[in-house]
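Summary of the model geometry
Here are the chains, one letter per residue:
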Amino acid sequence: MSKKDHLYELIQSLDKSEKRYFKIYFTGEAKEQKYLKLYDAIEKAQEYDEKKIKQSIKDAYIQKHFAETKYYLYQLILKVLKHYRTENSVDNLLIEKIQNIEVLIQKALWEQAVSELLKAKKMAYDYERFEFLTLLFSYQNKIIVSTRLHGYTADDLDKLWLEKSKAFQNFMDTQTARHKVMQLLESKNRIGYIKTKQDKLFYDNLKKDIENLLKHADCTIAKIYAMESLVFYYNHTGEKKQQNLYCKKLIELHTENPSINASNPYQLPSAIHNLCMSEINLFNFDEVLNWIKVQKSYLEIIQNDAEIKYKVEWSLASLQSFFYNVSGRFSEGKLIAKEIIKWVETTEEIDNTSKWKFYGNCAEIFLGAKDYKHFFYCMNKIQEFWNNIDAYNKINYTILQMLAHVDEKEIDSALYSYNFLEKEIKSIRQDNPTKIEQILLHFFQQLQDKKQTKNHNTLLKETHQQLKENEHEIQTGEFEYALWLEQMLTKNSFENLVRQKRKLQAADFTPFWNEDIKIKVDVESFRKSLPKRIR
């Protein structure tokens, strides 16, 4: 096992834009080239092996002063990263202004200090960075006292006190709202799903606290955190209409104050992601497509920040692969699925869990469209991550492959995986499989039985009927096994059958759509509010 090394970890943590910035920063700096040699050697290394890295660098100075060079490079990278982040980062610009104020106070340049202070306060208010206002007020007090209250009346001091009180209240509301988000996350991890009256009481008390905060909060950032908490709460309690309502209200709040996004540019796309997931679960598919378009527009304005860009790309891949599966729009989804696979295979940042899930979602789109070439390509790629895949999905992917072979009338290929499937289900379910799994196991068992007297179509019809009777077990996003067998028995396509079923299901969920709330996102206003390094 390779030894942990701080410099190696720091270099490996850099995203593409940071690496590019680091290289550009020292272009033409001859004296820094030896440090770039060490940087390149460590950046290319798969693991930290000091001996191999030393041998790969043909530089006598580095060989002799390796530890010293490492230390200097580490400090150099931090310096460049600070410079990179400072360029129009709200927090860093405020820190810089605070440092300027401190210097000007030390020099007794009171007018200049006040001028810088007023600019810093305006920025803190505009971006609702209330934690900085506490420090700025302390500098304002210092200036007032040092100048012996020059230009300040009793009324001015009262107004300042009211301003401080209001700013402090906003700070406390923001911190309280953040705390409620953390409480909900912790309680979900600890309690899981609500099972007892005590669990219900705990969550209801949390909800009351959040609703009270939302009523009296006077700043956007506190309201955003409060609404995020309510989205989380209603998702956890399964109240679909309320969850959808607060998903929409959250985006509406962002549109009212786009500058808030400057401090955390992923807040809006995160809110859009949650709304899309809510609309998918309510079968409001046209609305989902509208919000996916907004998410794509947002992606266009954050191209210069690799971290945010990756998060939005991940969101889009996740939303689209889920949307085209659930909606049954497999023919349209084929092209999108191919784009997602290309993105997965050319993006270094994606973790293995995300990879197999994307391949799995795309596989189901290709299967629905009967594009078996790309379906089996995805299935083969999934095999590369088989040890990372949870038991439920192992069963699901195995059944999908078997059903694809049955549709192609390749019965021997379908039955090749039967023993594995039976063993997995028995092991995972402890000899207590779900009703759907029992039906499918019996179906494949009969296909395997050479003494079976029923013809193929009769067996399909019987299994289809049994699956139809147990459709209530199928959750949103799960494969429609009954409809897959139905398309084999009729001239209707699987896509048409799924879309017809979704149309009927949508009628039940229409009352939950909150169609009275209309939101228009002006992407250009968000672009203007973002730091220049991002846009």
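See the structure above.
This text gives an overview of the structure that appears in the document. Since this is a predicted model, take the numbers as computed values, not measurements.

**A word on the pattern of salt bridges**
Considering all chains together, one arrives at 27 salt bridges under this definition. K23 is the partner of D40 in a salt bridge, and the nearest nitrogen-oxygen pair spans 3.0 Å. Residue D40 is located in helix α3 (residues 33-44), and its partner K23 is located in helix α2 (residues 16-25); the two are separated by 17 residues in the primary sequence. Here D209 makes a salt bridge to K180, at a shortest N to O gap of 3.2 Å. Residue D209 is located in helix α11 (residues 197-216), and its partner K180 is located in helix α10 (residues 154-191); the two are separated by 29 residues in the primary sequence. On the basis of relative accessible area, D209 is assigned to the partly exposed category, the value being 37%. Because the salt bridges share partners, they merge into one network encompassing K468, E471, E480, K501 and R502.

**Observations regarding the packing of helix α20 (residues 391-407) against helix α23 (residues 435-448)**
Orientation of α20 relative to α23, taken along the N-to-C sense of each, is 40°, at an axis distance of 12 Å. Put simply, α20 runs oblique to α23. Handedness of the α20/α23 crossing: left-handed. Listed contacts from α23 to I395, I399, M402, L403 and V406 of α20 are E437, L440, F443, F444 and L447. When its residues are assigned to classes, the contact of α20 with α23 shows nine nonpolar, no polar and one charged.

**Description of a nonpolar patch on the surface**
Together, L149, Y152 and L157 give the surface a local cluster of nonpolar side chains, amounting to about 230 Å² of exposed area. Secondary-structure assignment places Y152 in the loop between α9 (130-146) and α10. Taking the relative accessible area as the measure of exposure, Y152 reaches 31% and is therefore partly exposed.

**So, the nonpolar core**
Of all hydrophobic cores here, the largest spans 145 residues; its most connected members are I251, W291, F375, F444, Y481, W484 and V521. Excluding its chain neighbours within four sequence positions, the residues that come into contact with F375 are A363, F366, L367, L400, Q401 and A404.

Calculation criteria
- Residues numbered from 1 in each chain as written.
- Predicted model: local features only at pLDDT ≥ 70, side-chain atom pairs only at ≥ 80, totals over all residues.
- Heavy atoms only, no water.
- Salt bridge = Lys/Arg side-chain N within 4 Å of Asp/Glu carboxyl O.
- Helix = DSSP H or I, 4+ residues; strand = E, 2+ residues; numbered from the N terminus.
- Buried < 20%, exposed > 50% of the residue type's maximum accessible area, 1.4 Å probe, protein only.
- Axes fitted to C-alpha atoms, helices over the stretch in contact; angles between N-to-C directions.
- Parallel < 35°, antiparallel > 145°, perpendicular 65-115°, else oblique.
- Left-handed = near helix turned anticlockwise from the far one by under 90°.
- Contact = heavy atoms within 4.5 Å.
- Nonpolar A, V, L, I, M, F, W, Y, C, P; charged D, E, K, R; others polar.
- Patch = residues over 30% accessible without salt bridge, like charges linked within 9 Å, V, L, I, M, F, W, Y side chains within 5 Å.
- Areas by Shrake-Rupley, 256 points an atom, 1.4 Å probe, with all protein chains shown as cover.
- Core = buried A, V, L, I, M, F, W, Y, C linked by side-chain atoms within 4.5 Å.

So yeah, pure geometry; function would need other evidence.
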